[in-house]
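The chain contents come next:
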Amino acid sequence: QVQLVESGGGVVQAGGSLRLSCAASGSIFRINAMGWYRQTPGKQRELVATITSGDITNSADSLKGRFTISRDNAKNTVLLQMNSLKADDTAVYYCNALLQTTRFGPDRNYWGQGTQVVVSS
């Protein structure tokens, strides 16, 4: 069983910063990528940023320069530093991990339960 536990969400004023953290635990052989997605009511979940085990990152163009993703492979943790937050960043942020639970098993996607970020204008 694999668990992803997010923390760091909350309420912040526009222009402020928040840092989200997600720790993966359980029956994990190897994590190949971790990332963050976000969702607002009535909309599809959208990519925020991802990072591979080799530190290759991918992020939404609209967020580059404000959001930075990083990873601690030893701790199976991914961080999202969010700066210059805007009201439009208000959403539930979900942690994602693409991982193998056994050496020769397939990659599978796992999701956290989400953490709410509210940016007040």
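Just so we're clear, the structure is a prediction, and the values are computed from it rather than from any experiment.

Draft legend 1. Here's a closer look at unusual backbone geometry. Even without being a glycine, Asn76 presents a positive backbone phi close to 50°. Residues other than glycine seldom take positive phi values, yet Ser84 does so here, at roughly 50°. Mapped onto the elements of the fold, Ser84 is located in the loop between strand S8 (77-82) and strand S9 (91-100).

Draft legend 2. View of the packing of aromatic side chains. Across all of its chains, the model carries one aromatic pair by this definition. Between Tyr37 and Trp111 the ring centres are 5.1 Å apart and the planes differ by 65°, which places this aromatic pair in the edge-to-face class. On the criterion of sequence distance, the pair formed by Tyr37 in strand S4 (residues 30-39) and Trp111 in strand S10 (residues 108-111) is long-range, its members being 74 residues apart. Against the face of Tyr94 rests Arg45, its NZ or CZ located 3.7 Å from the ring centre. The positively charged end of Arg45 is found above the aromatic ring belonging to Trp111, 4.6 Å away from the centroid.

Rules used in this analysis
- Residues numbered from 1 in each chain as written.
- Predicted model: local features only at pLDDT ≥ 70, side-chain atom pairs only at ≥ 80, totals over all residues.
- Heavy atoms only, no water.
- Helix = DSSP H or I, 4+ residues; strand = E, 2+ residues; numbered from the N terminus.
- Phe/Tyr/Trp six-rings, centres within 6.5 Å; stacked < 30°, edge-to-face > 60°.
- Lys NZ or Arg CZ within 6 Å of the ring centre and 35° of its normal.

These values are about where atoms sit, not about what they do.
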